[in-house]
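Here is how the chains run, residue by residue.
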Amino acid sequence: MNLERITRRLAGLWLVVVLACVGHNAWYWGVQRHAPVTDLLAMLPTDEQRPLATQATQALADAGSRRVTVLIGGGDWAQAQAAADAFLQALGDVPARHRVADADQQAWLDLYAPVSRGLLSSETRARLTAAPTAALADQALAALYQPVAGPRIGRWADDPLNLFGLWLSERGQGSRVRVQDGRLMLTDAAAPQRHYALVLIELPGSGFEIGAVRAVLPRLAAATRAAQTGGADVLQAGVPLFAAAASDQAEREIHTIGLGSLLGIVALTLLAFRSLRPRLLVTLSMAVGLLVATSVTLLWFGELHLVTLVFGVSLLGVAENYGTNYFSARQGLAPNERWTMLARQIPVVSLAMATTVIGYGLLALPPFPGLRQVAVFSGVGLVAAFVTVLWWFPLMDGQGRMAQTRFAEWLGSRRALWPCLGRRGLTVLGLVALLLVAAGAARLRVDDDIRQLQSAPPALIEQQREFARLMQAPGVAQFFVVQGATEQELLEREEALTARLHGLGLGVQAVSDWLPSLRRQREDRDLAARRLAELRPELEKRLDQAIEPGSTATIPNANANANANADATATELTPSAWLASPASEPLRAQWLGRLGAGPATAVLLRGAESRETREALAALRLDGVTWVDKVGEISGLLGRYRALMSVVLVAGFALTWAALAWRFGRRAWRALAPTALASVLTVALLALSGQVLQLFHILPLLILLGLGVDYGIFMLEQPDRRATQPFLSVTLAAASTLLSFGLLALSGTPALRAFGLTLLFGVFLAWLFTPFFMPDHD
């Protein structure tokens, strides 16, 4: 009666906690209308040793997360124009940009024309430095007699060498996009007869806000169909598309995995207990576990990731173990005997719960925000489900005797089919396992490349690749961050870096291409003025000989040039003016603002795909310049933590053995050895099945440690081969886990699939081996 009184008081307190969690969830999801986070970057580790790299990566990611870019065409320019018009008409009021207004083009001239004398292309700078005056005169006269040879702003007499036009031409080579008939267009470099119109769609919020993305997707699909009606190709790229695909995939998996797990567990319960009451109560314990886990995770992290919810669905199979064990022990007992049964079960089930939570807790050790969230969600959910079984089930299960079903009796009696292996039998089992491990080791491959975790639909990836080929845009996975104490020092350092990168044959997209440092502007202006002063007499002499009377091709007089130079000296392009102008929009995201001790920019690259090139770039040493290879960094971090978690796994076995020894003494190894053997063989089977080993194959072994040891605890508590209740409980628990975690092997998310496949092998082997290690009490 004392246990009953304590349980009733604790049950009341637990009811208050659960009701508070119900209210919190209703407020968060219903009133506030929050949605799960789908940003996969939020699941990745924060590089605490290089905060600069993290901030720069996040700034570039934020800039691109709101935009969907569309290429429409594939035929002649008229077809591309017509298809783009049909696309925009069907898109309706969704904010999109395809045309370049005259005011925007004028803004470019208003920004650069006043400072044009201080703007020299790299090729022009080299030519002005080394070319003789006669050669420069030839160039100027050639431009005079061939006025369509290149872009020119203003009169030939004001800029005989077309210095400003050459500067603009060099800038234009950094992008494949051109303005034609007031529209953004692009020509396929591999097939010049194929033309595309470019449409930029800007979402109002982040591309990871799935509600906003989904509101646009139907319009985008309708616009795509309208453009394709005329036979045009439509290529779409952008973070929002990948975020929406990830969200849809996760929701499908929640439904399929959750439904499959639920149906399987319900069928097992009905077969084992022939009653819906155990099923309803077990479902209640799982629901309370998920409810409390959601509230605690939201209060702890401030948000809940969609991947955590997918993983949480698989938690149902583990949380179900406690309720199944309760009703397995309850079978055949009168209602008043349940308190005695509960007192006997509490130490065993508590130890099983503790070892499982240890396994989940070890997931929180790597610096992965996603894994830490999963660890907290899972650990709290398991404890909540356990407490529900311990404090509520005895009060809700006070009616009648639970007769043992024929299926339950048959399933529990299967324990007798397993022989209890002695020293010789265990030696043979060890030798067979050793052969499998050797075969697996021969085929074991390890690869921690983060790109293996990519799970976007193949069609979307193919569109992205074709889009990247056509646009030849720089990547944002590898780049340089340049810092300076002042804005001008920053630009000077960036200019030094870009010169080195051009020397390596790489394409570069840098702010200083469009915003030269003041030193560079002054040096270029002085160089241009000096060479033009030297050029003027030569041009005047040649023009006097060649120009017919009445021609307007004349050179301004010296005083006029002096005045122009004085005006140019007073006008210089500054970062504030550049950032305030629409001309900076294409590169504005690369101006990172203040990072650390001063302003910073990002320098993006083309042609840095090979490992040798990336190694050369990583070895580059310049003041204020930091190489960022986010793919390489995260992949390296995955590798380091794969090795670390392997050590943690061994430590976990040691901690679990200590907990078992406290309960079972010298027999503790019998509860632990089956899981240890299952873990080693699981790695071997993964290798033999062609899996490439990575961190997300090691982490589930920590969970297997907690799950598998539970089987050993339940059976070692009653090792008699004729006892049916322990094996019934263990088998139902293993089957439920396989139905939940095992179904993750069907997931389209590589990390979840690795979890599922590892536990599919591991849980089955742990269940299979556990009876072999039990002592013979026949």
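Residues numbered from 1 in each chain as written. Predicted model: local features only at pLDDT ≥ 70, side-chain atom pairs only at ≥ 80, totals over all residues. Heavy atoms only, no water.

Here we look at the overall build of the protein chain
Moving on, step 1. The number of helices and strands found in the protein chain is 27 helices and 13 strands.
Moving on, step 2. When its C-alpha atoms are laid out on the principal axes, the protein chain stretches across 125 × 55 × 45 Å.
Moving on, step 3. Classification of the 778 residues of the protein chain by burial places 50% in the buried group.
Moving on, step 4. In the protein chain, 82% of the contacts between residues at least 6 apart in sequence involve partners at least 24 apart.
Moving on, step 5. Accessible surface computed for the protein chain: about 34,400 Å², of which carbon and sulfur atoms make up 60%.
Moving on, step 6. Charged side chains in the protein chain number 68 positive and 62 negative. The centres of these two groups are separated by 12 Å. (Helix = DSSP H or I, 4+ residues; strand = E, 2+ residues; numbered from the N terminus. Buried < 20%, exposed > 50% of the residue type's maximum accessible area, 1.4 Å probe, protein only. Contact = heavy atoms within 4.5 Å. Areas by Shrake-Rupley, 256 points an atom, 1.4 Å probe, with all protein chains shown as cover. Lys, Arg positive; Asp, Glu negative; His and termini not counted. Charge placed at Lys NZ, Arg CZ, Asp CG, Glu CD.)

Topic: the packing of helix 23 (residues 630–664) against helix 24 (residues 668–688)
Moving on, step 1. Close contact between helix 23 and helix 24 brings their axes to 8 Å; oriented N to C, the two are set at 155 degrees. Judged by the inter-axis angle, helix 23 sits roughly antiparallel to helix 24. When you trace helix 23 past helix 24, the crossing you get is right-handed. When helix 23 is examined against helix 24, the residues Phe653, Thr656, Trp657, Leu660, Ala661 and Phe664 are found in contact with a partner set consisting of Ala668, Trp669, Ala671, Leu672, Thr675, Ala676 and Ser679.
Moving on, step 2. Grouping the amino acids of the contact of helix 23 with helix 24 by side-chain chemistry returns 10 nonpolar, 3 polar and no charged. (Axes fitted to C-alpha atoms, helices over the stretch in contact; angles between N-to-C directions. Parallel < 35°, antiparallel > 145°, perpendicular 65-115°, else oblique. Left-handed = near helix turned anticlockwise from the far one by under 90°. Nonpolar A, V, L, I, M, F, W, Y, C, P; charged D, E, K, R; others polar.)

A short note on the packing of helix 5 (residues 122–130) against helix 7 (residues 163–172)
Moving on, step 1. Following both chains from N to C, one finds helix 5 and helix 7 inclined at 140 degrees, their axes separated by 8 Å at the closest point. Classified by the angle between their axes, helix 5 and helix 7 sit oblique to one another. Listed contacts from helix 7 to Ser122, Glu123, Thr124 and Leu128 of helix 5 are Leu163, Leu166 and Glu170.
Moving on, step 2. Broken down by class, the residue content of the contact of helix 5 with helix 7 amounts to 3 nonpolar, 2 polar and 2 charged.

Comments concerning the packing of aromatic side chains
Moving on, step 1. The final tally for this structure, using the stated rule, is 22 aromatic pairs.
Moving on, step 2. Considering the side-chain rings of phenylalanine 696 and phenylalanine 755, the 6.5 Å spacing of their centres and the 50 degrees angle between planes classify their relative orientation as tilted. Taken together, the residues span a long stretch of sequence, with phenylalanine 696 in helix 25 (residues 695–717) and phenylalanine 755 in helix 27 (residues 750–769) at a distance of 59 residues. For the pair phenylalanine 696 and phenylalanine 755, a shared accessibility class is recorded, and that class is buried. (Phe/Tyr/Trp six-rings, centres within 6.5 Å; stacked < 30°, edge-to-face > 60°.)

Topic: the side chain of aspartate 188
Moving on, step 1. For aspartate 188, the position within the fold is in the loop between strand 4 (183–187) and strand 5 (195–202).
Moving on, step 2. The exposure class assigned to aspartate 188 is buried, which follows from its relative accessible area of 4%.
Moving on, step 3. A polar contact of 3.0 Å, which involves the side chain of aspartate 188, links it to the backbone nitrogen of alanine 190.
Moving on, step 4. Looking at aspartate 188, its side chain comes within polar contact range of the side chain of arginine 469, at 3.0 Å.
Moving on, step 5. Not counting the four nearest positions on each side in its chain, aspartate 188 is found in contact with Arg176, Arg194, Tyr196, Arg469 and Leu470. (Polar contact = N/O pair within 3.5 Å; in protein donor to acceptor, adjacent residues only side chain to side chain.)

Points about the pattern of salt bridges
Moving on, step 1. Inspection of the entire model under this criterion finds 25 salt bridges.
Moving on, step 2. A salt bridge links arginine 519 to glutamate 492; the nearest nitrogen and oxygen atoms lie 3.7 Å apart. Separated by 27 residues along the polypeptide, arginine 519 in helix 19 (residues 518–546) and glutamate 492 in helix 17 (residues 487–503) bring together distant segments of the chain.
Moving on, step 3. A residue is classified by how much of its surface remains accessible, and glutamate 492, at 25% relative accessible area, is partly exposed.
Moving on, step 4. We note a salt bridge from arginine 531 to glutamate 534, for which the minimum N-O separation is 2.7 Å. (Salt bridge = Lys/Arg side-chain N within 4 Å of Asp/Glu carboxyl O.)

Describing a nonpolar patch on the surface
Moving on, step 1. Together, Leu15, Leu19 and Val22 give the surface a local cluster of nonpolar side chains, amounting to about 260 Å² of exposed area.
Moving on, step 2. Relative to the assigned elements, leucine 15 resides in helix 1 (residues 2–31). (Patch = residues over 30% accessible without salt bridge, like charges linked within 9 Å, V, L, I, M, F, W, Y side chains within 5 Å.)

Concerning unusual backbone geometry
Moving on, step 1. Backbone geometry at asparagine 162 places phi at a positive 55 degrees, although glycine is not the residue there.
Moving on, step 2. Its relative accessible area of 10% is what places asparagine 162 among the buried residues.
Moving on, step 3. Backbone geometry places aspartate 181, a non-glycine residue, at a positive phi of 55 degrees.
Moving on, step 4. Of note, aspartate 181 is situated in the loop between strand 3 (178–180) and strand 4.

Details of the pairing of strand 6 (residues 233–237)
Moving on, step 1. Counting buried positions along strand 6 yields 4 of 5 residues, so the element is predominantly enclosed.
Moving on, step 2. Two elements, strand 1 (residues 67–75) and strand 6, share 5 bridges in a ladder whose sense is antiparallel. Paired with isoleucine 72 across the two strands is valine 234, which belongs to strand 6. (Pairing = 2+ DSSP bridges.)

Digging into the environment of threonine 356
Moving on, step 1. Position of threonine 356 relative to the elements: it lies in helix 12 (residues 338–361).
Moving on, step 2. Counting along the chain gives 300 residues from threonine 356 to threonine 656, while the straight-line C-alpha distance between them is 9.5 Å.

Considering the environment of valine 177
Moving on, step 1. Its place among the elements puts valine 177 in the loop between helix 7 and strand 3.
Moving on, step 2. C-alpha of valine 177 to C-alpha of serine 350: the two residues are 173 residues apart in sequence and 66 Å apart in space.
Moving on, step 3. Ignoring anything within four residues of it in the chain, the contact list for valine 177 reads Leu184, Met185, Leu198 and Met471.

A word on the confidence of the model for the protein chain
Moving on, step 1. With 90% of its residues at a pLDDT of 70 or more, the protein chain shows a mean pLDDT of 82.
Moving on, step 2. Mean pLDDT across the elements of the protein chain bottoms out in helix 20 (residues 558–570) (42) and peaks in helix 24 (94).
Moving on, step 3. Of the regions scoring below 50 in pLDDT, residues 556–570 engages in 10 contacts with residues more than four places distant in sequence or in other chains. (pLDDT = per-residue confidence, 0-100.)

Structural notes on the nonpolar core
Moving on, step 1. In this structure, Leu660, Phe696, Leu699 and Phe769 are the most contacted members of the largest nonpolar core, which totals 107 residues.
Moving on, step 2. If one sorts the elements of this core by residue count, helix 25 sits on top with 16 residues.
Moving on, step 3. For leucine 660, the residues in contact, after removing those within four places along its chain, are Leu351, Gly665, Ala668, Ala671, Leu672, Val709 and Ile713.
Moving on, step 4. Leu119, Leu506, Ala510 and Ala608 belong to the second-largest nonpolar core, a separate cluster that totals 30 residues. (Core = buried A, V, L, I, M, F, W, Y, C linked by side-chain atoms within 4.5 Å.)

Section: helix 10 (residues 276–301)
An α-helix turns once every 3.6 residues. As a result, residues three or four positions apart point the same way.
Moving on, step 1. Compared with an ideal rise of 1.5 Å per residue, which puts 26 residues at 38 Å, helix 10 spans 37 Å between its outermost C-alpha atoms and is within 8% of the ideal.
Moving on, step 2. Downstream of helix 10 by one or two residues, glycine 302 has phi in the positive range, about 85 degrees. (Expected span 1.5 Å × (residues − 1).)

Things to note about the side chain of threonine 675
Moving on, step 1. Note on placement: threonine 675 falls in helix 24.
Moving on, step 2. At 3.3 Å, the side chain of threonine 675 and the backbone nitrogen of valine 709 are in polar contact.
Moving on, step 3. If we skip the residues at most four places from it in the chain, threonine 675 touches Phe653, Leu704, Leu705, Gly708, Val709 and Ala766.

So, the environment of leucine 262
Moving on, step 1. As for its placement among the helices and strands, leucine 262 is situated in helix 9 (residues 239–273).
Moving on, step 2. Judged by relative accessible area, which is 38%, leucine 262 ranks as partly exposed.
Moving on, step 3. In this structure the C-alpha to C-alpha distance between leucine 262 and leucine 298, which are 36 residues apart in sequence, comes to 25 Å.

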